2 protein chains.
Amino acid sequence: MSFERLNIAKMHGYSPGEQTDSGNTIKLNTNENPYPPSPEVASALSSIDVDCLRRYPVPMADSFRETASRLHQVSPGNIIPANGSDELLRLAITTFVEAGEVIAVTQPSYSLYPVLAAIQDCKLIEIPLQANWDMPADFFEQLEKSAAKMLLLVNPQAPTGGLLSTDYILQLASSFSGVIVLDEAYVDFVDPELNYDSVSLINSCENLLILRTLSKGYSLAGLRFGYGIGAESLIDPIMFKTRDSYNTDHISQQLANAALKSIEYSKEIWRRIRLDREVLRSSLNELGLVTPASQTNFLLCQVPDSIGAENLYQLLKQGNILVRHFDQDRLRDKLRITVGKESENLALITAIKEILGQL
Amino acid sequence: MSFERLNIAKMHGYSPGEQTDSGNTIKLNTNENPYPPSPEVASALSSIDVDCLRRYPVPMADSFRETASRLHQVSPGNIIPANGSDELLRLAITTFVEAGEVIAVTQPSYSLYPVLAAIQDCKLIEIPLQANWDMPADFFEQLEKSAAKMLLLVNPQAPTGGLLSTDYILQLASSFSGVIVLDEAYVDFVDPELNYDSVSLINSCENLLILRTLSKGYSLAGLRFGYGIGAESLIDPIMFKTRDSYNTDHISQQLANAALKSIEYSKEIWRRIRLDREVLRSSLNELGLVTPASQTNFLLCQVPDSIGAENLYQLLKQGNILVRHFDQDRLRDKLRITVGKESENLALITAIKEILGQL
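In this report, we go over the structure that sits alongside the text. (Residues numbered from 1 in each chain as written. Chains lettered and ligands numbered in written order. Predicted model: local features only at pLDDT ≥ 70, side-chain atom pairs only at ≥ 80, totals over all residues. Heavy atoms only, no water.)

With respect to the relation of the copies chain B and chain A
Our working definition: All copies are superposed by least squares; the fitting set is the C-alpha atoms of residues with a pLDDT of at least 70 in both. The contact criterion used is simple: two residues touch if any of their non-hydrogen atoms lie within 4.5 Å.
Under the fitted operation, chain B is carried onto chain A by 0.0 Å of movement along the axis and a turn of 180°, and the coordinates agree to an RMSD of 0.0 Å. The transformation just described matches what one would write down for a two-fold rotation axis. By C-alpha distance to the rotation axis, the residue of chain B lying nearest is Ser46 of chain B, at 3.4 Å. Both copies present the same face, since 100% of the interface residues in chain B are matched by interface residues at the equivalent positions in chain A.

Structure representation (structure tokens):
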């Protein structure tokens, strides 16, 4: 017997990447940060007073909002904390898109987006990226024609690694009549020389909700903490109406706050990952796995037909190296590889060489 | 400029009870547990390895599910963990009730229910309890007539404190064609001599989803951890489709697991709170604040018109004692008072005596 709504009965859930208990596995499949959280986060954890847990947490995570607002030079009212940025994606849809209305995404994109659209019983329009992963030249026109109420856009892009410029985002937000959810899960890994910063756009673009997560950049995937940045007219209905009143817990509020306050530690890690990303990319290209530039902490490489992407994924897994293969159009011949520590990246390259018979 | 859906624009959010930073305040307004979490929870907290936080948490909180399933003598597939039981309430509606369909609640009831119904754009039918807070004799008929797809029922009841029997729940679930969400937030404080246990009903009632929280009984309101118990046909669509994939974090999974494993510690606290509840109730009744029996960790007392409930709330607040006043039909002349530690309850009674001029 099923009590599910019809749209829920018909849909398929999201499949998170494989997790493993094995300490021997080199885990390059879920874009986790290979380095531990900052010493300040460790210290915040050890100063948690367990007795405080008997009380409800601060409902709006005031200290975190204050810290985040200083970091981004906005007001605390422009910040909304969440139980992971996945929660904010869901909340944005719940708040701004009716069942039956259209949500637009690019194709390919984050594979959670279609799932969230299905839960709200929304129509999903997927606008294909060009063969080189650039946005299609007529993207604005396609978007307008779709009559979408919301655009879910990840920037830097996933799983392709490319970056849209601040100017492009500004033009897009100015031309689009719906809400743009700009998912910046990987923004911490963007080369600082590109001067990418979309936050200042919230002052002129009332329809722009920027999502940040502490999962990747701050090595806190296990903590579930993300936040949104936007005009108060976008933040307020989520904050005061659709959000669960205590959506973030006491411990995660303290640790998230400590993480942002110790951003200098993380910046050093981002620098290291950017360097290792370039080394790994060169090595993959040298082995014939064509890998475009990436502004994230992962690379999307094309696997020659002679070996096959799914086959390579399986062979690496047998050698205790996990990478991500998506059984999806345009991605079946590719692997998404998280940039790990230098030693992990080397082990990966060695394993691929062995599989290719080039050792 | 507003991008909100029409139903969101029209609705009002939930108002959580006041929180305070002041260490001097006696806080009897949000049904928090006055005692700290168990030593095993403290020990689980101090053994968290901060390095583990860089990895995503176990998506389905397997260890916690295992522990909870042993405690309730069901299978792990009957357990769904959540970021507080508030999250499960929302997920149950998202999964089982279409916009425009009817959700039934009693009146009065938990003030979050109407908010969650409004977010999903559902119709809300409120079925009034009798004057003595008993269920109306024709409740089953009223429910059937309402054509409700879901009944949200808190048992022991809030804010009244009464308890429906297991037999009543069984009859209700057998007669009702929709899903019953049985919110047992306060079940830990039920007198064990009453032998109340609804969990075994899930085997015969496929439409019964029982909610538990660690906020009250286990002194973990700050942690945000709750869980559902139900037939797999109810649990699965929430678990695998509508839930955020990582809805509970690594730390809360460990602490929640430790809390259930050290239930004997909490049982002793529940016993103490039951005893103090009876003492407090007698004292309130002696002062002319008529207070019916309660199976929860709070009491709902009627304040004589000569003093007025809101007035008494304000006067207590001036004396640094917080209790809860609801500006709602049938509750305006009452106060909901959490059972605190013996000394806190005494301070409350002394303050009321003083206000009533009886000192």
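Read on, since the account is not over.
Section: the sheet that holds strand β7 (residues 208-213) of chain A
Residues and elements named next belong to chain A. Note the cut-off: Note on pairing: DSSP must find at least two bridges between two strands before they are called paired. Helix numbers and strand numbers start at the N terminus; a helix is a DSSP run of H or I with at least 4 residues, a strand a run of E with at least 2. Angles shown run from 0 to 180 degrees and are taken between the N-to-C directions of axes, each axis being a line fitted to C-alpha atoms and, for helices, limited to the stretch in contact.
The sheet built from seven strands is open, its strands ordered β2-β8-β7-β6-β5-β3-β4 with mixed pairing. With partners counted over all chains shown, the strands left at the sheet margins are β2 (79-82) and β4 (123-128), one partner each. The sheet shows a mean angle of 20° between the axes of neighbouring strands, direction not considered. Where β2 and strand β8 (residues 226-229) come together, four bridges link them in antiparallel fashion. Looking at the pairing, Pro81 lines up with Tyr227 of β8. In the packing of helix α5 (residues 112-119) onto the sheet, the strands contacted are β3 (102-107), β4, β5 (150-154) and β6 (179-183), and the crossing angle to β5 comes to about 155°. Along the sheet, helix α8 (residues 232-242) contacts β2, β6, β7 and β8; its crossing angle with β2, the most-contacted strand, is approximately 35°.

Digging into the environment of Ser22 of chain B
Residues and elements named next belong to chain B. Selection criterion: For every residue, the accessible area (1.4 Å probe, protein chains only) is compared with the maximum for its type, and the residue is labelled buried under 20%, exposed over 50%, or partly exposed between those bounds.
If you trace the backbone, Ser22 turns up in the loop between α1 (6-10) and β1 (26-27). Taking relative accessible area as the criterion, Ser22 reaches 30% and is therefore assigned partly exposed. Each C-alpha atom, one on Ser22 and one on Thr213, is 26 Å from the other, the two residues being 191 residues apart in sequence.

Side note on the interface of chain B and chain A
Convention followed: Put simply, buried area is how much 1.4 Å-probe accessible surface two parts lose in total, over both of them, once they are put together. We define a salt bridge as a contact between a side-chain nitrogen of Lys or Arg and a carboxyl oxygen of Asp or Glu at a distance within 4 Å. Contacts described as polar in this section are N or O atom pairs within 3.5 Å, which, within protein, must combine one atom able to donate a hydrogen with one able to accept it, while residues neighboring in sequence count only if both atoms come from side chains.
Across the contact, 76 residues belong to chain B and 76 residues belong to chain A. Here chain B meets chain A over a buried area of about 6300 Å², counting both sides, of which 55% is carbon and sulfur. Along the contact surface separating chain B from chain A lie eight salt bridges. Between chain B and chain A we count 34 residue pairs in polar contact (both at pLDDT 80 or more) in total.

A few points about the side chain of Arg336 of chain B
Residues and elements named next belong to chain B. Spelled out, the test is: We score Asp and Glu as negative and Lys and Arg as positive, and we do not count His or the chain ends.
Structurally, Arg336 can be placed in strand β11 (residues 334-338). Among buried charged residues, Arg336 stands out as having no salt bridge; its nearest opposite-charge side chain is Glu32, 8.8 Å away. Polar side-chain contacts of Arg336 include one of 2.8 Å to the backbone oxygen of Asn29. Filtering out sequence-adjacent residues up to four positions away, Arg336 remains in contact with Leu28, Asn29, Thr30, Asn31, Pro159, Tyr186, Phe298, Leu299, Leu300, Val323, Arg324 and Phe326.

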